[in-house]
Amino acid sequence: MPLALWYDGQRGARIGPASAGAGDLELRALFSAVSRGTERLVWSGAVPSTERARMRGPHQEGEFPGPVKYGYAMVAADPRGTPGFVLHPHQDVFRVDRAAFHPLPSGLPPERAILAPNVETALNAVWDAGIGPGDRVTVVGAGVVGCLVAWLAAGVRGCRATLVDVLPERAFVAERLGCAFATVAPAEQDVVVHASATSAGLAAALDAAGEEAVVLEVSWYGDTPVTAPLGAAFHPRRLTLRSSQVARIPPARAPRWTHARRLATVLELLNDPVLDALIDSEGTFAGLPGDLPGVFTTPTLAHRVRY
């Protein structure tokens, strides 16, 4: 009987029996990642009732608030031992349609490929923000997604990317990713991306934006109320506050880009060893229920699960 992680929506989780699925390809889990932002909301039962249908993940079992089998950052092996990425909850053995399995490109370690969904989110954010050569870009919030947005921005020719966080120890990660670091956001930025999931971070992002600039919101707050300082200079500076969400490819690219093409691009982008700095915690599948409170309540970046 396959085993999976089940969230109860009351800050608890357990390993229990699950459906194997009905696809034509059997896979054996190698590694998965805990999405610290989204899965923390599932763990705490904070998925809004209005968003439960949209929040359903591929191969999810159960309903929000729980018990529910949830997750989407899985690296598994097919019967030949070929490693690949698949959107699937935390589970040891399962079946999917063959088209859902994406073999890893040569040279990409399976241990790092768990970051694929985060890189997809970051790539979508860069597209939505319209980051271009020479831009001054600030990313507020040095979680995994924020770090990846800054990393992608820093790779744009002439772009000056600054990663901002209240934790000074994130400076080491910023340096590895090729970005500047600050605990206070610089002013007059061309593009600001907010990824801290806090009202204070959103206020700092709006304050950092230059006149007519875009502030892109990538945080997912669940049912937590958010305040935003839209008075004072917000209107005179003609700022744009825009949301970004990975489920949809931005309209300007949608006629040419499919989700499969985007994921293939992401797997190629992941072939960079500096990204290992974002995986700072690891545990076993059996120990995952006991590890989760620490993952969700301490400043962990990416938690990798080893099967």
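Above: the structure in question.
Everything numeric in this text was worked out from a predicted model, so none of it was measured.

(A) Layout of the packing of aromatic side chains. The final tally for this structure, using the stated rule, is 5 aromatic pairs. Aromatic side chains tyrosine 70 and tyrosine 72 sit 6.1 Å apart centroid to centroid with 85° between the ring planes, which places their arrangement in the edge-to-face category. Residue class for tyrosine 70 comes out buried when judged on its relative accessible area of 4%. Counting every residue linked through ring pairs, the aromatic cluster contains Phe64, Tyr70 and Tyr72. The ring of tryptophan 257 has arginine 261 lying over it, and the distance from NZ or CZ to the ring centre is 3.6 Å.

(B) Region of interest: the pattern of salt bridges. For the coordinates displayed, the defined rule picks out 10 salt bridges. Of the charged contacts, one joins glutamate 26 and arginine 95 as a salt bridge, the two residues approaching to 3.6 Å between their closest N and O atoms. A residue pair is termed long-range when its members are at least 10 positions apart, and glutamate 26 in strand S3 (residues 25-34) and arginine 95 in strand S8 (residues 93-96) qualify at 69 residues. A relative accessible area of 42% means that glutamate 26 is categorised as partly exposed. Owing to a relative accessible area of 29%, arginine 95 belongs among the partly exposed residues under this scheme. In this structure, arginine 238 engages glutamate 212 in a salt bridge whose closest nitrogen and oxygen atoms are separated by 2.6 Å.

(C) Looking closely at the environment of histidine 259. Following the sequence through the fold, histidine 259 ends up in helix H8 (residues 259-269). When the C-alpha atoms of histidine 259 and arginine 248 are compared, they prove to be 8.5 Å apart, with 11 residues separating the residues in sequence. Residues in contact with histidine 259, not counting those within four places in the same chain, are Glu120, Val246, Ala247 and Ile249. Looking at histidine 259, its side chain comes within polar contact range of the main-chain oxygen of alanine 247, at 2.9 Å.

(D) Broad picture of unusual backbone geometry. In the segment running from phenylalanine 64 into proline 65, the intervening peptide bond is cis, with an omega of 10°. In this fold, proline 65 is placed in the loop between strand S4 (61-62) and strand S5 (68-69). In this structure, proline 67 follows glycine 66 across a cis peptide bond, with omega equal to 0°. By the element assignment, proline 67 lies in the loop between S4 and S5. Although it is not a glycine, histidine 59 adopts a positive phi angle of roughly 65°. What makes histidine 59 partly exposed here is its relative accessible area of 33%. The residue alanine 232 is not glycine, and still its phi comes out positive at about 50°. In this structure alanine 232 comes out as exposed when scored by relative accessible area, which is 84%.

(E) Region of interest: the packing of helix H4 (residues 116-129) against H8. Where H4 meets H8, the closest approach of the two axes is 9 Å, and the angle between their N-to-C directions is 110°. For the element pair H4 / H8, the angle class is roughly perpendicular. Residues Ala116, Val119, Glu120, Leu123, Asn124 and Trp127 of H4 lie in contact with H8, whose contacting residues are His259, Arg262, Leu263, Thr265, Val266, Leu267 and Leu269. Residues of the contact of H4 with H8, tallied by class, amount to 8 nonpolar, 3 polar and 2 charged.

Calculation criteria
Residues numbered from 1 in each chain as written. Predicted model: local features only at pLDDT ≥ 70, side-chain atom pairs only at ≥ 80, totals over all residues. Heavy atoms only, no water. Phe/Tyr/Trp six-rings, centres within 6.5 Å; stacked < 30°, edge-to-face > 60°. Buried < 20%, exposed > 50% of the residue type's maximum accessible area, 1.4 Å probe, protein only. Lys NZ or Arg CZ within 6 Å of the ring centre and 35° of its normal. Salt bridge = Lys/Arg side-chain N within 4 Å of Asp/Glu carboxyl O. Helix = DSSP H or I, 4+ residues; strand = E, 2+ residues; numbered from the N terminus. Contact = heavy atoms within 4.5 Å. Polar contact = N/O pair within 3.5 Å; in protein donor to acceptor, adjacent residues only side chain to side chain. Axes fitted to C-alpha atoms, helices over the stretch in contact; angles between N-to-C directions. Parallel < 35°, antiparallel > 145°, perpendicular 65-115°, else oblique. Nonpolar A, V, L, I, M, F, W, Y, C, P; charged D, E, K, R; others polar.

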